[in-house]
Each structure stands twice: as structure tokens, then as C-alpha cells.
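Analysis of the macromolecular model
Listed here are the chains, written in short residue letters.
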Amino acid sequence: MYYVSQSSPFEGTHEALIIGMFEGNKPLQEPLAELDKRMNGHLSTLKKEKQLRTKLGTVTEIFSLGLLKSRALYAVGLGKKEELTEEKLRQSLAAAGKKIREHRITNGAVLLDSFVTEKILAEQVGFLVAEAIALSLYQLADYKEKTNEVEKELQSFTVYSKSTQLSDALKRGKVYGEGTNLARGLVNTPGNMLTPSDLADEARKLAVRHGFKVEVLERAEMEKLGMGALLAVASGSDQPPKMIVLTYEGAKEQKDVLGFVGKGLTFDSGGISIKPSQSMHEMKYDMGGAAAVLGAMEIIGTLKPEVNILAVIPSTENMINGSALKPGDVIRSLAGKTIEVRNTDAEGRLILADAVTYAKQLGATYLIDVATLTGAVMVALGDCTTGAVTNNEEWMEEVLEASAETGEWTWRLPSYEPYREMLKTSDIADLNNAPGRLAGSITAGLFVGEFAEDTPWVHLDIAGTAWQSKATNLGPIGGTGVMARTLARVAENYKRF
Ligand code: BES
Ligand code: MG
Ligand code: ZN
């Protein structure tokens, strides 16, 4: 769908040609100067008369009225040139992407060099263009008798630039967007249509597509291994639980294996400690961590970085049948530690406990778990920032750096000793799964950390960021696919540490 072209952008016939417009009174630079000339100076006139906006994130549609072969320009406001950042550029490009979707453009193009600055070079712009367009084209599937599926979609997108080395950046940006969209699709799927068995099937499809090894543990095998924590949560559901494992070996000679663990709770009713009914329907997104891991594997499978990855997804529902887990029950985890279940709604940390232990048993030497783990993280950080907890500074730095590169904001929470002590407040078991309201996101994270033990580990609580309740330029209401890109970037950056 994406083509790079060094030919004249003014000869191509497109429904929309996207251009970047910086603030200021300086005369237009190439390639806009040439464009202006072809339009008899209209572009600079419009800019002078403030009909053409340059405020960051605005898009002005200018019809070429026969002066160009293309039908219209989409001029993207970029603000002050020296203040443009990658994140601002991603957002602004998405504004143009949204117009492309809304106007059902099938044949678009971009004048890439009009976005380049001293700090953001053509290759980075290429990556961001491809990523932003892919993200903003994502559409929510619905199940209405008359569905919302558009008949017309972007078919071809031409990137005009002097640079000849752009195809790699475009490919990378596109797959980053599409991997995120895969995660969004899974998150948005209703719980009855995405059970643990369905999630396992999705993993199998990914494995076939990219040549990963895939293994799915069934209940009987979990019983044999002693995955008492995952089984305890699953005991209340009629849907069989799955422990899903994907293996990617991109560097056989290396001993390090990055373990990505994603919470795959396909529906969280809270169990006997039942949730209020008001927003319970949203709890289909409690598999956002699993979606992030699968989205990342889609990116990794396409780009094939030289690194070994183990993806582990514990998957079950948290339901309330006659054999459901009860408050006060004591369960034994795969690691041997016992847990007193004070609250059956604190189920995420239980299934992650066994998944983290299993990942270690299978050879993971660095761990990241991603989970919609606590409502408390939203109280602390809102819905735009992911909360992080770690047992290892350097590994945390790696993850934070990757998240800064992908624009997925992440903030570290403290993990001082008193927080860990709060987990040891059961008289009859090693751990208490719900030590109270104080510092809820930290204690939840550190509970998982108890099972990581000495293995470098980072926990990402995406309860706030996995779901957006307002549409943005980058995507509609619903699943965001957050952390698919950050996990993939950690894998791509691997060689650095
Ligand atoms: N899946 C929820 C966390 C959650 C809440 C995700 C809201 C997305 C939106 C998790 O399993 C949960 O219920 N956590 C409890 C923990 C408490 C019982 C210690 C919570 O946050 O209330
Ligand atoms: Mg819960
Ligand atoms: Zn949950």
C-alpha cells in the first residue's frame, strides 16, 4: 500500500496530498516553494491571510481547482519548527490520517520533506507517517445487522521524498501500527466471542504466520505442574483456562531470553467479591495485557530482531459458578508460595504469579509483565500514563526508554520495603492477595514481583491506558493496543544493553 517515489509530486494524481506547514513568516522552503509556484502563489497568500492554519494538529483542506493534478492538499499545522517533537508529529499526522479515513480517500500521498526538521530526519518522518496512518485507519468492528464496514478504504499511499532510503522506515512504521491494531481488535472483541480458547487460537494463528513455536497448556497439564493460582481463578468458570506460550528464537547463540507476560483475563466479573454492575461490561478489556503481547509478537514476527522472546499468556475468566474461588481460601502457586485470597477480584496477580514462574522455568532471563491490574492506577495516573514497578533499575531504564520512543507514556512507581511488607500480612499463608486500598497499584505490582524473585522484571499496569473512552486522532473509543509497540521496541533495542 505504501510506495516511495522520487518523481515529481505534482505529476501524481491523488485525492489528497498531505503537506506539513510550520508557523512563521519565513518564505516557504522546498518542496513547498515549488508547490506554491505551481499554485500561482495561493499557498503563501492563504498562509499570510491566516486561512491556512499552522497551529499544531490542525488540518486545512485546500482544493487545487485544476492547478495541480491532485484534487486537494491536506495541510497539517506543525507549530514552531524548533519545537516539533516526534510525539507531536505523530499526533499531527494522525489528524491527517483521520481525515483520510473520514473522507474515504482511496489514493493518498504525502510530501514527506515538508515535515523534516534538523532533529527529525526523513527516515523518522517516514516511520511516523506509516505508523500514524495505519493507526488512524483502524476501525471498530461492530455486529449490527447493518455493519459500519466502509466499502472504500485507502488502497494506495505514495510517499514523495528526495531520500531514497525510506522503504525500511515505512515498513517498520506500518507494522508498528498494524501490530497495535491487532491488539485493539482483540481488546474490543466481546467476552463471549473471545474466550481463553479463542485467545489461544489467535496465538496459534500468529505462530503459523510468523513461524513461532506455540504451546498451549490445558487444565490437566496445569494440574500436573501445580499451577494452583491460575487454576484457582479458573475454577469459577465453565470456560477452560489456557496457558499460552509463543517462542521466537531470533538469536540462538545468545543465552538471554526476554519473557513477555500478558494478563489474559477474557472477562472479570470480580468473582464472589463481585464488581458493581455499572461498568462491569467494560471488563472484557481485562485481557489488554495479552493483546499487547500478541500485538508485539506480530511486530516482532515481521521485523525479526536478533533476540529471543518467550511470550506467556495466562488466560481464564473470573466468574462465579458453584466451585468458584472464595474469600479466605488459601491456594498454592506454581512457585510453592501459598496465598490467602482476601478478595477474589484481585485475580490478575494470581494468574500472573504462575505465568511469571512458568516463564522463568522455560528460561526467561528478563521479564516484563503487562496487565490491566488495578483501578488504583487510574486514580494515580489517569488514563494517559501507564504505571510501572520494577526490581531492577537498568531494566526499568530500558523499558522507559522504549516507551519514550514509541510515545506510550510510562511512569515509575516506588517499591520501597514497606510496600512489600504489606503483602506479608496473612497469618496463614505466605502472601495476602489484597492488602488494602493504600498504594493499591504498587502492592499489586510487587505481588507479581514476588514471583519474579531475582530475575530482572518490570511490571506495566495498563488498566488506565488500555482503554480510551474518547476517540482521538489515533483511534476510536475502546481498546488502544497500548504497549504492543513498547514491547516490540524493547525487543528491537535489545542489542544495546
Ligand atoms: N481487572 C481489574 C482491574 C481493573 C479495574 C482494570 C478497572 C480496568 C479497569 C482487577 O482484576 C481488579 O479487579 N483489581 C482490583 C484489586 C483490588 C480488589 C485489590 C481493583 O483494582 O479494584
Ligand atoms: Mg479483578
Ligand atoms: Zn482483572
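Please read all numbers here as calculations on a predicted model, not as lab measurements.

Some points on helix α14 (residues 440-452)
Between its first and last C-alpha, α14 extends 19 Å over 13 residues, near the 18 Å set by a 1.5 Å rise per residue. Most of α14 sits inside the fold, with 13 of its 13 residues counted as buried. Just downstream of α14 lies Glu 453, where phi reads positive at about 55°.

Quick notes on the coordination of the zinc ion (ligand 3)
The coordination sphere of the zinc ion (ligand 3), as far as protein atoms go, consists of Lys 263 (NZ), Asp 268 (OD), Asp 286 (OD) and Glu 347 (OE), spread over 2.0 to 2.4 Å. Note that the zinc ion (ligand 3) binds six donor atoms; their angles at the metal cover 78 to 176°, and the shape is octahedral. Each donor residue of the zinc ion (ligand 3) lies on the same chain, and together they follow the pattern K-x4-D-x17-D-x60-E. Between the two metal centres, the zinc ion (ligand 3) and the magnesium ion (ligand 2), the spacing is 3.2 Å, with Asp 268 acting as a shared donor. Of this pair, Lys 263 sits in the loop between β9 (258-262) and β10 (264-268) while Asp 286 is found in the loop between β10 and α9 (288-303), placing the two residues 23 residues apart along the sequence. In this structure Lys 263 comes out as buried when scored by relative accessible area, which is 1%. Asp 286 gets classed as buried once you look at its relative accessible area, which sits at 2%.

A look at the packing of helix α5 (residues 167-188) against α9
Contact pair α5 / α9: the axes reach a minimum separation of 8 Å and the direction vectors enclose 150°. Here α5 lies roughly antiparallel to α9, going by the angle between them. Read as a crossing pair, α5 and α9 show a hand that is right-handed. Along the contact surface, α5 presents Lys 171, Arg 172, Val 175, Tyr 176, Gly 179, Leu 182, Ala 183, Leu 186 and Val 187, while α9 presents Gly 288, Ala 291, Ala 292, Leu 294, Gly 295, Glu 298, Ile 299, Thr 302 and Leu 303. For the contact of α5 with α9, a count of residues per class yields eleven nonpolar, four polar and three charged.

Some remarks on the coordination of the magnesium ion (ligand 2)
In this structure, Asp 268 (OD), Asp 345 (O), Asp 345 (OD) and Glu 347 (OE) serve as the protein donors to the magnesium ion (ligand 2), at separations of 2.0 to 2.2 Å. For the magnesium ion (ligand 2), the six donor atoms in the first shell make angles of 69 to 166° at the metal, a pattern classed as irregular. Sequence positions of the donors to the magnesium ion (ligand 2) reduce to the motif D-x76-D-x1-E. For Glu 347, a relative accessible area of 0% puts it in the buried group.

Here we look at the environment of Val 116
Looking at where Val 116 falls in the secondary structure, it is placed in the loop between β5 (107-111) and α4 (122-136). A relative accessible area of 23% places Val 116 in the partly exposed class. Along the chain, Val 116 and Lys 81 lie 35 residues apart, while their C-alpha atoms are 9.2 Å from each other. Aside from chain neighbours lying at most four places away, what touches Val 116 is Phe 22, Lys 81, Leu 121, Ala 122 and Val 125.

Considerations on the nonpolar core
By size, the foremost hydrophobic cluster in this structure holds 95 residues, and its most contacted members are Ile 18, Phe 157 and Met 297. Each of domain 1 (2-161) and domain 2 (176-493) gives at least three residues to this core. Contact partners of Phe 157, with chain neighbours within four places excluded, come to Met 1, Tyr 2, Tyr 3, Ile 18, Ile 100, Gly 108, Ala 109, Val 110, Val 129 and Ile 133. Counting 44 residues, the second largest nonpolar core, distinct from the first, contains Val 257, Leu 334, Val 356 and Ala 444.

Observations concerning the site of ligand 1
Taken together, 17 residues lie around ligand 1, and Lys 275, Asp 286, Asp 345, Glu 347 and Gly 375 are the ones closest in. Here an oxygen atom of ligand 1 and a side-chain polar atom of Lys 263 are 3.3 Å apart. Separating an oxygen atom of ligand 1 from a side-chain N or O atom of Asp 345 is a distance of 2.7 Å. Coverage of ligand 1 by the protein amounts to 80% of the 510 Å² it exposes when considered alone. In terms of residue class, the shell around ligand 1 is built from six nonpolar, four polar and seven charged.

Structural notes on the side chain of Asn 318
Mapped onto the fold, Asn 318 is located in strand β11 (residues 308-318). Looking at Asn 318, its side chain comes within polar contact range of the main-chain oxygen of Thr 344, at 3.2 Å. Once residues within four sequence positions are removed from consideration, Asn 318 is found in contact with Val 233, Leu 265, Phe 267, Asp 268, Ser 269, Gly 270, Gly 271, Thr 344, Asp 345 and Glu 347.

Regarding the pattern of salt bridges
Tallied over the entire structure, the rule returns 32 salt bridges. Between Glu 131 and Arg 90 there is a salt bridge, and its shortest N-O distance comes to 2.6 Å. Here Glu 131, found in helix α4, pairs with Arg 90, found in helix α3 (residues 86-102); they are 41 residues apart in sequence, far enough to count as distant. Assessed through its relative accessible area of 2%, Arg 90 is described here as buried. Salt-bridge contacts for Glu 450 lead to Lys 424; the nearest nitrogen and oxygen are separated by 3.9 Å. Residue Glu 450 is found in helix α14, and its partner Lys 424 is found in the loop between α13 (417-422) and β17 (431-432); the two are separated by 26 residues along the sequence. Through salt bridges that share partners, Glu 11, Glu 34, Lys 37, Arg 38 and Lys 69 make up one connected network.

What counts and how
- Residues numbered from 1 in each chain as written.
- Chains lettered and ligands numbered in written order.
- Predicted model: local features only at pLDDT ≥ 70, side-chain atom pairs only at ≥ 80, totals over all residues.
- Heavy atoms only, no water.
- Helix = DSSP H or I, 4+ residues; strand = E, 2+ residues; numbered from the N terminus.
- Expected span 1.5 Å × (residues − 1).
- Buried < 20%, exposed > 50% of the residue type's maximum accessible area, 1.4 Å probe, protein only.
- Donors = N, O, S within 2.8 Å, 3.2 Å for Na, K, Ca; no water.
- Tetrahedral: all angles 85-135°; square planar, octahedral: opposite > 155°, others 65-115°.
- Axes fitted to C-alpha atoms, helices over the stretch in contact; angles between N-to-C directions.
- Parallel < 35°, antiparallel > 145°, perpendicular 65-115°, else oblique.
- Left-handed = near helix turned anticlockwise from the far one by under 90°.
- Contact = heavy atoms within 4.5 Å.
- Nonpolar A, V, L, I, M, F, W, Y, C, P; charged D, E, K, R; others polar.
- Core = buried A, V, L, I, M, F, W, Y, C linked by side-chain atoms within 4.5 Å.
- Domains from an automatic or database assignment.
- Near = heavy atom within 4 Å.
- Polar contact = N/O pair within 3.5 Å; in protein donor to acceptor, adjacent residues only side chain to side chain.
- Areas by Shrake-Rupley, 256 points an atom, 1.4 Å probe, with all protein chains shown as cover.
- Salt bridge = Lys/Arg side-chain N within 4 Å of Asp/Glu carboxyl O.

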